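Examining the three-dimensional arrangement
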Amino acid sequence: MRHRTSSPPWSLRVWHSVRDIAVAWARIFYLGAMVWVLLLSPSTYRLVSLRPILQRMYRDTVPILLGFTLLAALICLVITRIVVVTAISYGLSRYALEMVIRVLVLELIPLTATLFVAMRCTIPNATELTLLRQSGQWAQREQQGEALMRTEVLPRVVSGLYASVTLAALSCVVALVMAYVGVYGFSAAGIEGYTRMFGHVFNPSVTLVFVLKTWLSSLAVAIIPVATGLYAKPKIQATRPGDELNGLVRMFAVLLLIELASLMGNYY
């Protein structure tokens, strides 16, 4: 005779879910605070501690610069052409350039750069930390007196933050160049009007919102995946098959909230 395994009551399931979410966010904020403490510590900037950070920054940023630049240039050129042709067909050609700058430089390309860094750098770095802990090397090296938060975690967070900010800045420059080429071609006749339009769009409030959005998005991409990988449960202790994806869900939710807040700051 088979016995049915009774599932826990819904109130207990809700409590466990709320507890897991609270613990996960507490670990994210704890890791962020620890990273800032280490960054403010003078010992971090000694050569022994600074070398792994610089090596990780170089390894996570330089190999993806050329590929991302070409991808951003292609996307910007295509979108610029679509927007310009559509605006001309509706008799709105005078607004086409401003629309291109707002869509590409303010919203689309920086978000693309952040997601590119997440997929290319920070998520693989989080996977490395997960494998390091689950293989037992983390505990073994800690017993030997090695400061793993300084040598393994801090370089990955700093490199993710640096790569995200660098690619966001680079993508904005590429978007501005491609928008000009898409509208005026390779002629210098439109530089005066283009710079005037750029100054009109990037007023002080929009610039402040853009800088805050880029910085907060870079922090989210750099810290949340690393915190998820650092505190990931072993496979034998995982409660659900999708536990390893929760960090990605949190990261995308934070990026969405930041994007919504920036849209409200720019247009409301």
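Before reading on, note that the structure itself is shown above.
Just so you know, these numbers come straight off a predicted model, no measurement behind them. (Residues numbered from 1 in each chain as written. Predicted model: local features only at pLDDT ≥ 70, side-chain atom pairs only at ≥ 80, totals over all residues. Heavy atoms only, no water.)

1. Details of the overall build of the chain
Within the chain one finds eight helices and zero strands. Seen in sequence order, the chain has helices and strands lined up from the N terminus as α-α-α-α-α-α-α-α. Judged by the C-alpha coordinates and their principal axes, the chain covers about 75 × 60 × 30 Å. Within the chain, contacts between residues at least 6 apart in sequence are counted, and of these 82% link residues at least 24 apart. Accessible surface, the chain: about 15,800 Å² in total, of which carbon and sulfur atoms supply 69%. Where the 23 positive side-chain charges of the chain centre and where its 12 negative ones centre are 5 Å apart. (Helix = DSSP H or I, 4+ residues; strand = E, 2+ residues; numbered from the N terminus. Contact = heavy atoms within 4.5 Å. Areas by Shrake-Rupley, 256 points an atom, 1.4 Å probe, with all protein chains shown as cover. Lys, Arg positive; Asp, Glu negative; His and termini not counted. Charge placed at Lys NZ, Arg CZ, Asp CG, Glu CD.)

2. Topic: the packing of helix α5 (residues 148-184) against helix α7 (residues 204-230)
Where α5 meets α7, the closest approach of the two axes is 9 Å, and the angle between their N-to-C directions is 145°. Crossing hand, α5 versus α7: right-handed. Here M149, V153, R156, V157, G160, L161, S164, V165, A168 and C172 of α5 come into contact with α7, specifically with F210, T214, W215, S218, L219, A222, I223, V226 and L230. (Axes fitted to C-alpha atoms, helices over the stretch in contact; angles between N-to-C directions. Left-handed = near helix turned anticlockwise from the far one by under 90°.)

3. Describing the nonpolar core
By size, the foremost hydrophobic cluster in this structure holds 63 residues, and its most contacted members are L31, I101, V105 and V153. The set of elements that each furnish at least two residues to this core consists of α1 (10-40), α2 (47-89), α3 (96-134), α5, α6 (191-201), α7 and α8 (246-267). It is α5 that provides the largest number of residues to this core, a total of 16 residues. (Core = buried A, V, L, I, M, F, W, Y, C linked by side-chain atoms within 4.5 Å. Buried < 20%, exposed > 50% of the residue type's maximum accessible area, 1.4 Å probe, protein only.)

4. Digging into the pattern of salt bridges
In the structure shown here, the tally under the stated rule is ten salt bridges. Close ionic contact of E152 with R156 constitutes a salt bridge, the shortest N to O distance being 2.7 Å. Of this pair, E152 and R156 both sit in helix α5, four residues apart, which is roughly one turn of that helix. For the residue pair E152 and R156, the accessibility class agrees, reading buried in each case. Ionic pairing is found between E259 and K213, a salt bridge with its closest N-O pair at 3.8 Å. Placement of the pair is E259 in helix α8 and K213 in helix α7, with a sequence separation of 46 residues. In this structure, E259 and K213 share a single accessibility class: buried. (Salt bridge = Lys/Arg side-chain N within 4 Å of Asp/Glu carboxyl O.)

5. Details of the packing of α1 against α5
Running from N to C, α1 and α5 point in directions that differ by 100°, and their axes come no closer than 11 Å. Considering the angle they form, α1 stands roughly perpendicular to α5. Each of L31, M34, V35, L38 and L39 in α1 lies in contact with α5, whose residues at this interface are M149, R150, V153, L154, V157 and V158. Residue composition of the contact of α1 with α5, by class: ten nonpolar, no polar and one charged. (Parallel < 35°, antiparallel > 145°, perpendicular 65-115°, else oblique. Nonpolar A, V, L, I, M, F, W, Y, C, P; charged D, E, K, R; others polar.)

6. Concerning a nonpolar patch on the surface
Taken together, the side chains of W36, V165, L208, L212, W215 and L216 make up a nonpolar region of the molecular surface, amounting to roughly 550 Å² of accessible area. In terms of residues, the nonpolar patch owes the most to one element, α7, which gives four residues. Considering the arrangement of structural elements, one finds W215 in helix α7. When its relative accessible area of 37% is taken as the criterion, W215 is described as partly exposed. (Patch = residues over 30% accessible without salt bridge, like charges linked within 9 Å, V, L, I, M, F, W, Y side chains within 5 Å.)

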